[in-house]
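Chains, contacts and geometry: an overview
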Amino acid sequence: MTNFKAHILRCGRTLWSDCLSGLADCIFPPFCLVCEKGLEERDHLVCGRCWSGFEIIDRPVCEVCGAPLPKGERRCPACRGKGFSFSGVRAAYSYSADIRKIIHAFKFGRKISLAKRLGRILAFVLLQDERFRQAECMVAVPLHVSRQRERGYNQSELLAQAVCAELGMKLVKDALVRRKRTKPQTALAPRRRTRNVEKAFRVTDASGIVDRKVVLVDDVFTTGATVDACAKALRRAGAVDVVVLTVTRAT
Amino acid sequence: MVATGRTAAMNRPALKLSLYFALGIILGHLVNPPILVLLTLDALLFLIAITIFLTKKSVGKWNPALYIVLVITVSSLHYELRTSDFSPRHVSNFLRKATSTGIVGQIASLPECDEERTTFTLSVKGIATAHEWRRAEGKVRVTMGERTDRFSYGDVIRFDARLEEPDGLRNPGGFDYKAYLNRRSIYGLIFLRGVNNVEIIERRGGTPFLSALIWPIRKSMRRTIERNLTGPPEALLKGILLGERRNIPESIEEIFRDSGVIHVLAVSGLHVGLVVFIFFNLFRVFRLSFNWAVVCTLGILFLYIFVTGSRAPVVRASLMAAVVLTGLILEKNVDLLNTLAFAGLFILLFSPQALFDPGFQLSFAAVLSIVYAYPRLKEWLPLFLRRQHTWWRRWLLGGSLVSLSAQMGIAPIVAYYFYRVPVVSVLANVIVVPWVGLILSLGFAASLFGPFSSDIGLLFNASNWLALTGLIHTVTFFASLPFSTLSVPQPSLPVVLGCYCVTGLLVNVKRIGRAGHWLIITLLVAANCWIWTYAVRGNQNELVVTFFDVGQGDAIFLRTPQGKTLLIDGGRRSRYYDCGKRVLEPYLRQSGIRRVDGVLLTHPHSDHLGGLLAVLENFHVGQVMDSGLQHGSTLYEEYVTLIEERGIPRRIMRAGDRIDEFHPLRIMILHPTDSFVSPDGWAPYGLNNGSITARLDYGRVSFLFLGDVEAEADRALLKRKGFLKATVVKVPHQGSITGSSRRLVEAIQPCVAVISVSEGNRFGHPADAVVRRYEQCGARIYRTDEDGAIIIRTNGERTSIRTMIRSE
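Some points on the side chain of A:T226
Residues and elements named next belong to chain A.
- One can find T226 in helix α9 (residues 225-236).
- In terms of polar contacts, T226 uses its side chain to reach the side chain of Q185, at 3.2 Å.
- Residue contacts for T226: discarding those within four places in its chain leaves V141, R178, Q185, V197, F201 and D218.

Quick notes on the interface of chain B and chain A
- Of the residues lining the interface, 32 residues belong to chain B; the matching set on chain A comes to 32 residues.
- For the pairing of chain B and chain A, the buried interface totals around 2,700 Å² over both sides, and the portion due to carbon and sulfur atoms is 63%.
- Scanning the region where chain B abuts chain A turns up 0 salt bridges.
- Where chain B touches chain A, the interface holds 8 residue pairs in polar contact (both at pLDDT 80 or more).
- Contributing elements (two or more residues each) for the side of chain B that touches chain A: α1 (13-31), α2 (35-56), α9 (290-307), α10 (312-330), β10 (334-335) and α11 (336-350) of chain B.
- Sorting elements by how many residues they give to the side of chain B that touches chain A places α10(B) first, with 5 residues.
- Tallied by class, residues from the side of chain B that touches chain A come to 15 nonpolar, 10 polar and 7 charged.

A short note on the domain arrangement of chain B
- Domains assigned within chain B are domain 1 (2-83), domain 2 (91-206), domain 3 (211-487), domain 4 (493-537) and domain 5 (543-803).
- Averaged C-alpha coordinates put domain 1 of chain B and domain 5 of chain B at centres separated by 54 Å.

Notes on the side chain of B:S318
Residues and elements named next belong to chain B.
- Positionally, S318 belongs in helix α10.
- With a relative accessible area of 4%, S318 lands in the buried category.
- Excluding its chain neighbours within four sequence positions, the residues that come into contact with S318 are V272, L301 and I305.

Topic: the pattern of salt bridges
All names here are of chain B.
- This structure, assessed with the given rule, holds 37 salt bridges over all chains.
- For K238, the salt bridge goes to E234, with nearest N and O atoms at 3.3 Å. In this pair, K238 and E234 are both assigned in helix α6 (residues 231-242), 4 residues apart and thus about one turn of the helix distant. As far as burial versus exposure is concerned, K238 and E234 are alike and both buried.

Some details on the nonpolar core
- Membership of the largest hydrophobic core comes to 83 residues, with the highest contact counts inside it found for B:L236, B:I240, B:F256, B:F360 and B:L471.
- Of the residues that make up this core, three or more belong to each of domain 1 (2-83) and domain 3 (211-487) of chain B.
- Those residues within four positions of B:F360 in sequence are excluded, and the remaining contacts are B:A312, B:I347, B:L348, B:A354 and B:L355.
- With 43 residues, the next largest nonpolar core counts A:I102, A:A140, A:M169 and A:V243 among its residues.

Each value, and the rule that gives it
Residues numbered from 1 in each chain as written. Chains lettered and ligands numbered in written order. Predicted model: local features only at pLDDT ≥ 70, side-chain atom pairs only at ≥ 80, totals over all residues. Heavy atoms only, no water. Helix = DSSP H or I, 4+ residues; strand = E, 2+ residues; numbered from the N terminus. Polar contact = N/O pair within 3.5 Å; in protein donor to acceptor, adjacent residues only side chain to side chain. Contact = heavy atoms within 4.5 Å. Buried area = accessible area lost by both parts, 1.4 Å probe. Salt bridge = Lys/Arg side-chain N within 4 Å of Asp/Glu carboxyl O. Nonpolar A, V, L, I, M, F, W, Y, C, P; charged D, E, K, R; others polar. Domains from an automatic or database assignment. Buried < 20%, exposed > 50% of the residue type's maximum accessible area, 1.4 Å probe, protein only. Core = buried A, V, L, I, M, F, W, Y, C linked by side-chain atoms within 4.5 Å.

Okay, here's the thing in structure tokens:
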């Protein structure tokens, strides 16, 4: 008899939780934000197929700007003479329309929880490069105060946090600030971008970075204008070396 | 992130569920299954489901078919219970009582006033019968012939009145007021002359949420508007902000309709979007965190739904906004199609009748089309157009595409209900919608600050006056463009569905393969064939004579086998009721008739002349025929000037004249002779006796239209006895005792007698003696008060008769 009662109770509980999760699934059917196909239970926001489908940058790349190298060359023809203030770039993925969806969801769609997975990937990338392993602290590309307030979070900082948590590195917050309300770089032609972020960044508290090797974290690397401006500010404030870590890079 | 449905593989549970639910409602509506059967079936299916659940313990293995049938039957049961299964106490059982009864009820809505009327919904509590008060339930709409603010929401009132049934579909192409009210759970109408006989038993009952929170907000918004604005801008703003369309002048509504932007006058999804935008940013400016800002915005949205009267479009948009915002907080991906379906399901759960409401359908069709077609249409754009960096170009491009997809979605429905296809609206919406956004923001600002400082309120209202006047001018401009809308005959339901199939395939043209292209071509060819058969079908050799139900008065429309058209009289026109606008125009538009070849006015009394004016004004009229009788009314003057202005040839008819334009019909005028019309146009025996009497012959079938002839004319007619015998007769003067003498009826020997008369008129028409006279001659009597419009079709040999209300 008690057995039966327990059975009924168990059924009731299943029914109840099934109803609740059924309702949630009815309103928010889980689907992958990249391919828009249904998600499996263990997946979160993006399906496993899509994650493994992104193009990883594993070819030989330019030591400085991180661009894939033409065969046989050590430094790429592209960044010769540009004089970047950072000494190296590493990115996890090659920029594509699909990865763009993830970055957009992360940046504009408040899918903050994506930071964890992206952070893990970035940590993996970081560990592969000697110069990055030697770095002592990490700095995220900042947003302007008004933009940060509007958005509520800084996606680069979330990324940096996740990487630090993964590797036990030190994240230096509030060292770098964005003084100018710059226009979004994506809205500008490449040649105007350098101008847009010129003198936009300043180091307010140099104590964390003086005489240190710094990893600068951002979400996307396209022309490098933004991170270059940041690196310039960091170097001027006393950082020994700046290397750049981003999720995607234009190739 | 918001998905727009690019792959079919995505699982959209709410979409499936809502489709099955809607299917169940449609089945319930069409088949009308007995409730007991449904109940048994549901109980059975439910038992099976439970048994499976208890024995297998696994939810995933249930048979989907069982679910589907269960959802369908439950939804049809739900619909049936809501629409037809009423207790004996329900008001619908007390309707059509000729005498007035005592009624007690509670005011269930915020009373709305215009210049001379006040209306509200009354939830009936009790009805007096011969001996006692009986408890009753259900809602009725009360209209008072006086502007008053004595009543407020929640008051319990008592009065004596007649509980009338709203008019159903009485004329082809007309408006089914009864169905419209029933969809809003209103089942009766009450008209009160004034407020004096109404006794207020109790003040301020009702739901505290409404009476203490919602209505004060609404009233305060209304007051702010009324304080500074008057005339059309005031009415317009009330419509845009609060959805009160009652005061908007007919002419303004017409231009909005003609340019296809009428939706901005009803509170719709656009408004919800703006409310979210305005308040969310406001909260963020006040340094609320994102999540709190979302929660507060949702709160405001919740209030706004009720303030605007919880109409379907607002509920839909608010639910969608709520899901998208909650998705942002919970970090869930949101699929718009699924969300739209969820909103639809929610509304249908509360009022399944809404599925048949044009407003509901238009709202969902528009959004569905935007969600589905917009991303597909975007793919059509050449690359250089897609990559636009200038904001106004992006806005113009995106705006036109959104507008285009919305219009594609609603066009078939608009054609079905309103017999028109908006053309200029694609462009008009791109301009008007952001403009209305500005007006709304100003309106909200005025309503927010107005109660605290009338100066600030004035500031916003004054700027809004400018915006509103500008809007009126812009819309007038769009409406005045040639081909702003196309009049189309009402498409049948299969055609509407076919249109959606073709549109659905067309927007997918880039995504489907070869087979799909062939399918589209086949469908287009089929559509073409159909249009041609439609065009050719005009030549069926059938004469269709429609006797409209215009209350007191006559209006008869003839469509000859050759497709020519003749209108005999037009019914009345008064301040509240214009037959031309209410009956004739909708009919003509529904049938796709743009040209009326002949208008015949029997005599210039207002109940025959009134409705013609709208036709003369808005349609091409080939010629006007009347007896030359004059009448000293303003209507008659308007009639004469209208004919002159439009340059319509006018022909004076006398007994013995023939009208040959309508071959193969032979039309002959039997009356009046010269002695009934003096040379200067006055009537020695009265206007009625000067009525044109026309005889129409088509094959072996003949019609006799007697106008309003009375005894003197009867005698004159009897001199031409040979021409009187007819198959169908239009009984003179609403069957009044003054006409239809025994000898005349015997001379006619009709098979069918049509009496055009209004229900419960104060003249006692038709006279029982007259009805008996016709019946004794073996005629079947058709009355517009009982049958609605009467449509007689004949091929010259056989005749078939259809009535709008009691189908034969």
